[in-house]
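# Chain and residue survey
What follows is the residue order along each chain.
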Amino acid sequence: MKKGIIGKKIGMTQIFDEIGNVIPVTVIEAGPCVVAQKKTVEKDGYSSVQLGFEDVAERKLTKAEKGHFAKAGVSMKKHLKEFRLDDAEKMNVGDIVSADVFVKGDRVDVTGITKGRGYSGVIKRWNAHKLRMTHGVGPVHRQPGSMGANSTPSRIYKNKKMAGQYGNEQVTIQNLDVVKVDAEKNLIAVKGAIPGSRGGIVFIRNTVKN
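Residues numbered from 1 in each chain as written. Predicted model: local features only at pLDDT ≥ 70, side-chain atom pairs only at ≥ 80, totals over all residues. Heavy atoms only, no water.

## Some points on the sheet that holds strand S6 (residues 96-97)
Our working definition: Between any two strands, at least two bridges found by DSSP are needed for them to pair. Secondary structure counts use DSSP, requiring at least four H or I residues in a row for a helix and at least two E residues in a row for a strand, with both numbered from the N terminus. What makes two residues a contact is simply this: any of their non-hydrogen atoms within 4.5 Å. The axes are straight lines fitted to the C-alpha atoms, using for helices just the contacting stretch, and the angles between their N-to-C directions are given from 0 to 180°.
The strand order across the open sheet formed by 4 strands is S5-S4-S3-S6, and the pairing between neighbours is antiparallel. Lying at the two open borders of the sheet, with one neighbouring strand each, are strand S5 (77-83) and S6. Alignment of strand S3 (residues 33-39) against strand S4 (residues 48-55), held across 6 bridges, turns out to be antiparallel. Paired with Cys33 across the strands is Phe53, a residue of S4. Packed on one face of the sheet, helix H2 (residues 63-72) meets S3, S4 and S5 and runs near 90° to S3.

Structure, rendered in structure tokens:
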């Protein structure tokens, strides 16, 4: 069954399994999320629900956003995300989705925004090789080097790895194991690292891989 929830990255730690193996995990505050909108096959052509996460002051929302929540009759939420769930037809506006939709042993895909590193050179951005840091090399220790041949093709190929914006992009880490679920505190611990800094918003879904 397809499942999904919005969460917030708390940070990384480690836990021990039954035989004492150390498992590095990322702790995510998953939900509680409220169903703010429901789409049906008859009206919209497909079935899905829109989940809202994290309360926000009304003054921080636009007039359109306030009207959206007022129509649904739910409290104001800071983050909205649409999920195509298998049981979306059975859900109603105002229903609560919490961390216990996932259980230990599930495999999930986690989507988040990576840390922004600004304008970066080729060494930091693409792990390019630098020249020897000695006399005689000249002031080109960290420069990208040749861009290509002069006569043919007399241009720079597309997708050439050069300096530029690094990070601050949406990334999905696939096939992560759910190691532990704390339904009372709405916490999910997944094995390994996920994108983003502490406090970043992430979306958790069933993995598309087997």
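Structure shown, so let's carry the discussion forward.
## Description of the pairing of strand S7 (residues 107-113)
Stated precisely, the cut-off is as follows: Exposure categories follow from relative accessible area, calculated using a 1.4 Å probe and restricted to protein chains: below 20% of the type maximum is buried, above 50% is exposed, and the middle band is partly exposed.
Most of S7 is tucked away, with 5 of its 7 residues classed as buried. Bridge count for S7 against strand S10 (residues 170-182) is 6 bridges, and the pairing is antiparallel. Along S10, the bridge assignment pairs Arg107 with Asp177. Of the strand pairs in this sheet, S7 and strand S12 (residues 201-206) are connected by 5 bridges, and their pairing is antiparallel. Paired with Val108 across the strands is Asn206, a residue of S12.

## As for the pattern of salt bridges
Put simply, the test is: Counted as salt bridges are all cases of a side-chain nitrogen of Lys or Arg within 4 Å of a carboxyl oxygen of Asp or Glu.
Counted by the stated rule, this structure contains 6 salt bridges. Here Glu54 and Lys8 are joined by a salt bridge, their closest N and O atoms 2.7 Å apart. With a gap of 46 residues between them, Glu54 in strand S4 and Lys8 in strand S1 (residues 4-16) connect regions that are remote in the sequence. With a relative accessible area of 24%, Glu54 lands in the partly exposed category. A salt bridge links Arg107 to Asp177, with the nearest nitrogen and oxygen atoms 2.7 Å apart. Of this pair, Arg107 sits in strand S7 while Asp177 sits in strand S10, and the two are 70 residues apart along the sequence.

## Section: unusual backbone geometry
Thr152 connects to Pro153 through a cis peptide bond whose omega is 10°. Counting through the fold element by element, Pro153 comes out in the loop between helix H3 (122-126) and strand S9 (164-165). Notably, Ser154 is not glycine yet its phi reads approximately 60°, a positive angle. Within the element layout of this structure, Ser154 appears in the loop between H3 and S9. We note that Asn186 has phi near 55°; this positive angle belongs to a residue other than glycine. Tracing the sequence through the fold places Asn186 in the loop between S10 and strand S11 (187-191).

## Some words on the nonpolar core
Nonpolar side chains tend to gather and get buried jointly when the protein is soluble and globular. Note the following rule: The term nonpolar core refers to a set of buried residues drawn from Ala, Val, Leu, Ile, Met, Phe, Trp, Tyr and Cys, joined through side-chain atoms within 4.5 Å.
Counting residues in each nonpolar core, the largest one holds 26 residues, and the members touching the most others are Leu51, Val108, Ile188, Val190 and Ile204. Looking at this core, the elements with two or more residues in it are S1, strand S2 (22-30), S3, S4, S7, S10, S11 and S12. Beyond its immediate stretch of four places on either side in the chain, Ile188 contacts Thr26, Val27, Ile28, Ala30, Ala99, Phe102, Val178, Lys180, Val181 and Ile204. Listed in part, the 7 residues of the second largest apolar core include Val34, Ala36, Leu61 and Met76.

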